[in-house]
Protein chains: 2
Amino acid sequence: MRLLLGFALAALVARAAPPAVVSPDVQPGREVTFRLRAPHAQQVLMVLEGSARPAPMVRGTDGVWTLTEGPLDPDYYSYSFLEDGVALIDPSNPSIKPSLVSPASMLHVPGPRSLPWEWNDVPHGVIHHEFFHSNVVGDDRDFYVYTPPGYDPRSARHYPVLYLLHGYTDGASAWSVVGRAGVILDNFIARGDAEPMIVVMPLGYGDPEILAEPFSPATRGLWQRNLEQFRQSLLREVLPRVIAQYQTGEDRESRAIAGVSMGAAESLYVGLNDLDDFAWIGSFSPGIELNALDGGLGAQFPQLSDEDNQRIRLLWIGCGTDDPSHLAVSRSMREFLAQRGIRNTYQETPGAHTWMVWRRYLDSFAPLLFR
Amino acid sequence: MRLLLGFALAALVARAAPPAVVSPDVQPGREVTFRLRAPHAQQVLMVLEGSARPAPMVRGTDGVWTLTEGPLDPDYYSYSFLEDGVALIDPSNPSIKPSLVSPASMLHVPGPRSLPWEWNDVPHGVIHHEFFHSNVVGDDRDFYVYTPPGYDPRSARHYPVLYLLHGYTDGASAWSVVGRAGVILDNFIARGDAEPMIVVMPLGYGDPEILAEPFSPATRGLWQRNLEQFRQSLLREVLPRVIAQYQTGEDRESRAIAGVSMGAAESLYVGLNDLDDFAWIGSFSPGIELNALDGGLGAQFPQLSDEDNQRIRLLWIGCGTDDPSHLAVSRSMREFLAQRGIRNTYQETPGAHTWMVWRRYLDSFAPLLFR
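The numbering scheme is per chain: residues are counted from 1 as the chain's sequence reads. All chains are assigned letters beginning at A, and all ligands numbers beginning at 1, according to the order in which they are written. Owing to the predicted nature of the model, reporting of local features is limited to residues with pLDDT of at least 70; listing and counting of side-chain atom pairs is limited to 80 or more, with chain, interface and lining totals taken over all residues. Water and hydrogen atoms play no part in the side-chain values, which are based on all heavy atoms of the structure.

S.K.: Explain the overall build of chain A here, please?
M.R.: Helix numbers and strand numbers start at the N terminus; a helix is a DSSP run of H or I with at least 4 residues, a strand a run of E with at least 2. Each helix and strand counted, chain A has nine helices and 18 strands in total. C-alpha atoms of chain A, sized along the principal axes, occupy 70 × 50 × 45 Å. Working definition: with a 1.4 Å probe on protein chains only, accessible area under 20% of the residue-type maximum means buried, over 50% means exposed, and in between means partly exposed. Within chain A, buried positions represent 60% of all 371 residues. Accessibility throughout is a Shrake-Rupley quantity obtained with a 1.4 Å probe, and a residue counts as covered only by protein chains that appear here. For chain A, the exposed surface amounts to about 13600 Å²; the carbon and sulfur share of it is 50%. Taken as two groups, the 30 positive and 43 negative side-chain charges of chain A have centres that lie 3 Å from each other. When charges are counted, neither His nor the chain ends are considered; positive counts come from Lys and Arg and negative counts from Asp and Glu. By convention, charge coordinates are those of NZ in Lys, CZ in Arg, CG in Asp, or CD in Glu.

In structure tokens form, the structure reads like this:
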């Protein structure tokens, strides 16, 4: 007899396995207990998005390691367990943060319906998953498109478009799955606090080789190519597809670009060098490569001058104060913009290099667009 | 200083962790080596979709457990590691099979481009992710819609629709992510071997409580309600949305329903009891509950008679020969259909209760539809 998945696998695993553990276990007071059965492990740590350092879990006599954190602010958090140095997804939790490199578990600490990322009983948009062959990059790739509630491709109504970019190690689904961009927009639009808009979430790798080669002085050339090929693919491959397939405004005033981390570097690089195409630019915790590429910021934005203030409807930069390396980039960028005489909206807020910060930035940024 | 995700987390984990292991490691001869670092584990087994039983891995002196399988047939396989009884996702593999209960790792053993599920340089459809509140079930839920290459909501062309249902423990994304339904259809349509069609992939739980209550004699009532509420939600909530939002044929001749396992029971239950709405029905490895609900098959299909042969364009049933419990259901169903004088296409094929079987069934079934 062969192994049967589904019913039969469940039965088999149930026979093989000791009693199931519950994890994560969110208590009404927002304390959260994490549990991992690992009877023979010598050390288990819990790595929680936004926490200062991995926290030791404590082994019970039943071989289950436990840690209670909190009360935690209502939010979505990613986390993993470090079992004797190996980062594990919580085997008791089916909710997973996707990643091209290191998926993790997802924890939802529910909060009031008024929080931007909470699901509400309002009309919902649709997320479309598109595929194409990139001649610029030389691979097959995808992008996601959020269309707002009431969007009707058969109507004459056109919508402005926000291009929204993920960070390093994430994929094109990150903003909708982890960043909850669709939910945040649904809520805004229902309240009338943001213009109904289309959000395009492309894959952010101009050269996917960077996934194997983190940024360093030795990989600068690769990372510069990543930036430039990303721009070429976005402008020559993704934009035309979006224009052809969706009811979008085609002028720069109805086009924004924003992103996080690597995507925040890309949004500055693409947006400020292509003001013919974009009037609204957001940069959330910009990527450290921006500062360190050859020639520095001046070489990345050679044309930028105070005359561009007439065309920039919004240049919004934010970074967490507990995110030192990206904060340094944000401050350099601010200083550089001051030298060139470019107006911008700049903020430093509590938080680290996390999606908790970036969901709040989208919440701050989106209502400013297209009005 | 607080923990930074992205660059900084990677750096931190790199410091904390021993050298990375490569897993799964697909060799040119299609042998596949699985590796898990677990220095203090006492037993590690590897559970591979379609294999007879969990296979023991062997510990190396470096604390890395290893197992080489194969050569494996080109295909996609899910797998997990059982470390001292705990089912783990492979921490070295970012490719994950989603599940509402037990996600697993995904392995791709590449094969010739002619295989139905292999990505080809052909036009690709779009996968749309839709959300709604179900008044029938009382929850917020989702469904996915595949539109074929060239689909244009602004044109007058309408397409036939296949409703394609997942099995127990899976979610609405299973057919597109694991079953590769979009890729299979893209390939067919490019070759002209199947009618261009829309594929709707709804969430298959009429009562999500069944996720906590596997089928047993004690939960029969719950599972009957699951079946009936699924039908009501599909017909009263999903179908009208699809008709309103997509260019679909609205007659029964342009509507099919098929599914796997629990979804195969649902496709028979919905389809054969609603021949006004469906002319084409597929049942892949039908769920064991179908046989065991109160009153047996006769009570589930009270109206069915040989007069219905005029309306059934296709009734297709298949099951793997290494899938004994579902094979028993398939054979009961075949016998029941013979008693009622209903024509059908019936096959038993090699394989167990696996997605390897179901991708092949979609490959056999889809070209027969709508022609």
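S.K.: I'm lost on the sheet that holds strand E5 (residues 58-59) of chain A in this one. Help?
M.R.: Backbone-to-backbone hydrogen bonds join strands into a sheet, with any given pair of strands oriented parallel or antiparallel. Residues and elements named next belong to chain A. Across the sheet, four strands lie side by side as E1-E2-E6-E5; this open sheet has antiparallel pairing. Single-partner strands in this sheet number two, and they are strand E1 (25-26) and E5. DSSP-based pairing: two strands are paired if at least 2 bridges between them are found. Here strand E2 (residues 32-37) pairs with strand E6 (residues 64-69) via six bridges, running antiparallel. By the bridge assignment, Phe-34 is partnered in E6 with Leu-67.

S.K.: Would you mind going over the relation of the copies chain A and chain B with me for this structure?
M.R.: When the copies are overlaid, the least-squares fit takes in C-alpha atoms only where the residue has pLDDT of at least 70 in both copies. Expressed as a screw operation, the relation of chain A to chain B combines 0.0 Å of axial shift with a rotation of 180°, fitting to an RMSD of 0.0 Å. Viewed as a symmetry operation, the transformation between the two copies matches a two-fold axis. Relative to the rotation axis, the closest C-alpha in chain A is found at A:His128, a distance of 2.1 Å. By definition, residues are in contact when any of their heavy atoms lie within 4.5 Å. Most of the interface of chain A is mirrored in chain B, where 100% of its interface residues again form contacts.

S.K.: When you look at helix H9 (residues 355-365) of chain A in this model, what are you seeing that I'm missing?
M.R.: Counting along an α-helix, one turn takes 3.6 residues, and residues three or four places apart therefore face a common direction. The buried fraction of H9(A) is high, at eight of 11 residues. For H9(A), the full list of buried residues reads A:Trp355, A:Met356, A:Val357, A:Trp358, A:Arg359, A:Tyr361, A:Leu362 and A:Phe365.

S.K.: Would you take a moment to explain the interface of chain A and chain B for this structure?
M.R.: Accessible area lost when the parts come together is the quantity often used to give the size of an interface. Each partner contributes residues to the interface: chain A has 68 residues there, and chain B has 68 residues. In this assembly, chain A packs against chain B so that about 5900 Å² is buried in total across both faces, 66% of it on carbon and sulfur atoms. We define a salt bridge as a contact between a side-chain nitrogen of Lys or Arg and a carboxyl oxygen of Asp or Glu at a distance within 4 Å. Between the two partners, chain A and chain B, sit zero salt bridges. Counted as a polar contact is a pair of N or O atoms within 3.5 Å, where, for protein atoms, one must be capable of donating a hydrogen and the other of accepting one, and residues adjacent in sequence contribute only when both atoms are in side chains. Applying the counting rule to chain A against chain B returns 10 residue pairs in polar contact (both at pLDDT 80 or more). Three classes are used: nonpolar for Ala, Val, Leu, Ile, Met, Phe, Trp, Tyr, Cys and Pro, charged for Asp, Glu, Lys and Arg, and polar for all others, with Gly counted as polar. Classifying every residue of the side of chain A that touches chain B by side-chain character gives 39 nonpolar, 17 polar and 12 charged. Relative to strand E11 (residues 126-134) of chain B, strand E11 (residues 126-134) of chain A is paired through three bridges, and the arrangement is antiparallel. Following the sheet pairing, A:His128 is matched in E11(B) by B:His128. In short, buried area is how much 1.4 Å probe accessible area vanishes from two parts on joining, totalled over both.

S.K.: Just to check I follow, could you spell out the packing of helix H4 (residues 220-245) of chain A against helix H5 (residues 262-273) of chain A for this structure?
M.R.: For any two helices packed against each other, one specifies the crossing angle of their axes together with the interaxial distance. All names here are of chain A. Orientation is described by axes fitted as lines to C-alpha atoms, over the contacting stretch for helices, and by angles from 0 to 180 degrees between their N-to-C directions. Running from N to C, H4 and H5 cross one another at 60°; their axes reach a closest spacing of 10 Å. Compared by their axis directions, H4 and H5 come out oblique. Here H4 runs over H5; the crossing is right-handed. For the pair H4 and H5, the contacting residues are Trp-223, Gln-224, Asn-226, Leu-227, Glu-228, Phe-230, Arg-231 and Leu-234 in the first and Met-262, Ala-265, Glu-266, Tyr-269, Val-270 and Asn-273 in the second. For classification purposes, angles smaller than 35 degrees are called roughly parallel, those larger than 145 roughly antiparallel, those between 65 and 115 roughly perpendicular, and all remaining angles oblique. Crossing handedness is read from the near helix: turned anticlockwise from the far helix by less than a right angle, it gives a left-handed crossing, and turned clockwise, a right-handed one.

S.K.: Would you mind showing me how to read the packing of helix H3 (residues 181-191) of chain A against H9(A) here?
M.R.: All names here are of chain A. Contact pair H3 / H9: the axes reach a minimum separation of 11 Å and the direction vectors enclose 35°. Both H3 and H9 take part in a crossing whose hand is right-handed. Two secondary-structure elements touch here, H3 through Ala-181, Ile-184, Leu-185 and Phe-188 and H9 through Arg-359, Leu-362 and Asp-363. Tallied by class, the residues present in the contact of H3 with H9 amount to five nonpolar, no polar and two charged.

S.K.: Would you take a moment to explain the pairing of strand E17 (residues 314-320) of chain A for this structure?
M.R.: For a regular strand, side-chain orientation follows a simple rule: the groups alternate between the two sheet faces. All names here are of chain A. In terms of burial, E17 is a largely internal element, seven of the seven residues being buried. Taking every second residue as pointing to the same face, both faces of E17 are buried, with Leu-314, Trp-316, Gly-318 and Gly-320 on one and Leu-315, Ile-317 and Cys-319 on the other. Relative to E17, strand E16 (residues 280-284) runs parallel, the two being bridged by five bridges. Across the sheet, the residue bridging to Phe-284 is Gly-318, located in E17. Pairing between E17 and strand E18 (residues 345-349): five bridges, direction parallel. Pairing of Gly-320 across the sheet is with Thr-349, part of E18. By convention, a crossover is right-handed whenever its connection, traced from the first strand over the helix to the second and viewed with the strands pointing away, goes clockwise. As a crossover connection, the stretch from E17 through helix H8 (residues 324-340) into E18 is right-handed.

S.K.: Explanation requested: the sheet that holds strand E2 (residues 32-37) of chain B in the structure shown.
M.R.: Strand order in this open sheet of four strands is E1-E2-E6-E5 (chain B), and the pairing throughout is antiparallel. Strand pairing shows two members of the sheet lacking a second neighbour, strand E1 (25-26) and strand E5 (58-59) of chain B, which therefore form its edges.

S.K.: Hey, could you run me through the environment of B:Arg334 in this one?
M.R.: Residue and element names in this part refer to chain B. Along the chain, Arg-334 turns up in helix H8 (residues 324-340). Accessibility expressed as a relative area gives 44% for Arg-334, which makes it partly exposed. Residues Arg-334 and Ala-87, spaced 247 residues apart in sequence, show a C-alpha to C-alpha distance of 37 Å.

S.K.: Honestly, the pattern of salt bridges in this entry has me stumped. Any pointers?
M.R.: Pairs can form between side chains of opposite charge whenever their charged atoms are close. Residue and element names in this part refer to chain A. All chains considered together, the criterion is met by 34 salt bridges over all chains. The shortest N-O distance in the salt bridge between Asp-75 and Arg-360 comes to 2.8 Å. Here Asp-75 is found in strand E7 (residues 75-83), whereas its partner Arg-360 is found in helix H9, with 285 residues between them in sequence. One continuous salt-bridge network, built from bridges that share partners, spans Asp-75, Arg-359 and Arg-360.

S.K.: Please clarify how the side chain of A:Glu237 should be interpreted in this entry.
M.R.: All names here are of chain A. In this structure, Glu-237 sits in helix H4. Buried and without a salt bridge, Glu-237 has Arg-241 as its closest oppositely charged side chain, separated by 5.9 Å. A polar contact is formed between the side chain of Glu-237 and the side chain of Ser-134, at a distance of 2.7 Å. In this structure, Glu-237 is in contact with Phe-132, His-133, Ser-134, Asn-135, Val-136 and Gln-232, ignoring residues within four places of it in sequence.

S.K.: Could you clarify how one ought to interpret unusual backbone geometry in this entry?
M.R.: Where the residue is not glycine, phi is negative for most of them; where a peptide bond is considered, it is trans in most cases. Residue and element names in this part refer to chain A. The linkage connecting Ser-23 with the following residue, Pro-24, adopts the cis geometry, with an omega of -10°. For the peptide bond that leads from Gly-70 to Pro-71, omega is 5°, which places it in the cis range. Take Pro-71: it is sitting in the loop between E6 and E7. Its identity is not glycine, yet Arg-180 carries a phi of approximately 55°, on the positive side. Counting through the fold element by element, Arg-180 comes out in the loop between helix H2 (174-177) and H3. Relative accessible area serves as the criterion here: at 12%, Arg-180 is assigned to the buried category.

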